[in-house]
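Overview (structure and organization)
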Amino acid sequence: MNPVPDPNAWFHARVVVASPKVSVFVDDAKEPSLVVSQLSERRKGLTGLWVDNFGGDFANFKIVPT
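Just so we're clear, the structure is a prediction, and the values are computed from it rather than from any experiment.

1. Quick word on the sheet that holds strand S1 (residues 13-18)
Spatially, three strands are ordered S1-S2-S3 in an open sheet, and the strand pairing comes out antiparallel. A single partner strand is all that each edge strand has here, and the edge strands are S1 and strand S3 (34-37). Across the sheet, the axes of successive neighbouring strands diverge by a mean angle of 15°, strand direction being ignored. Pairing of strand S2 (residues 21-26) with S3, which is carried by four bridges, proceeds in the antiparallel orientation. Counterpart to valine 22 in the pairing with S3 is valine 36.

As structure tokens, this is what we get:
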């Protein structure tokens, strides 16, 4: 990842789901820090966030349809 977010500090992340790719932009980066392929064919339904086994904190979380 570039830039690498500090896991012990707050950072802004924008997650763009554009099937079949999921891109993550850290802070104000113009290029994604991470790009992965979707794990399923699902196009609608619930949204889940995985933050490892130690928990995570979120602030100002929004889901915005494009």
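And the narrative resumes.
2. Considering the pairing of S2
Counting buried residues in S2 gives five out of six residues, a clear majority hidden from the surface. The pairing of S1 with S2 spans six bridges and is classified as antiparallel. Within S2, the position partnered with alanine 18 by the bridge is lysine 21.

Rules used in this analysis
- Residues numbered from 1 in each chain as written.
- Predicted model: local features only at pLDDT ≥ 70, side-chain atom pairs only at ≥ 80, totals over all residues.
- Heavy atoms only, no water.
- Pairing = 2+ DSSP bridges.
- Helix = DSSP H or I, 4+ residues; strand = E, 2+ residues; numbered from the N terminus.
- Axes fitted to C-alpha atoms, helices over the stretch in contact; angles between N-to-C directions.
- Buried < 20%, exposed > 50% of the residue type's maximum accessible area, 1.4 Å probe, protein only.

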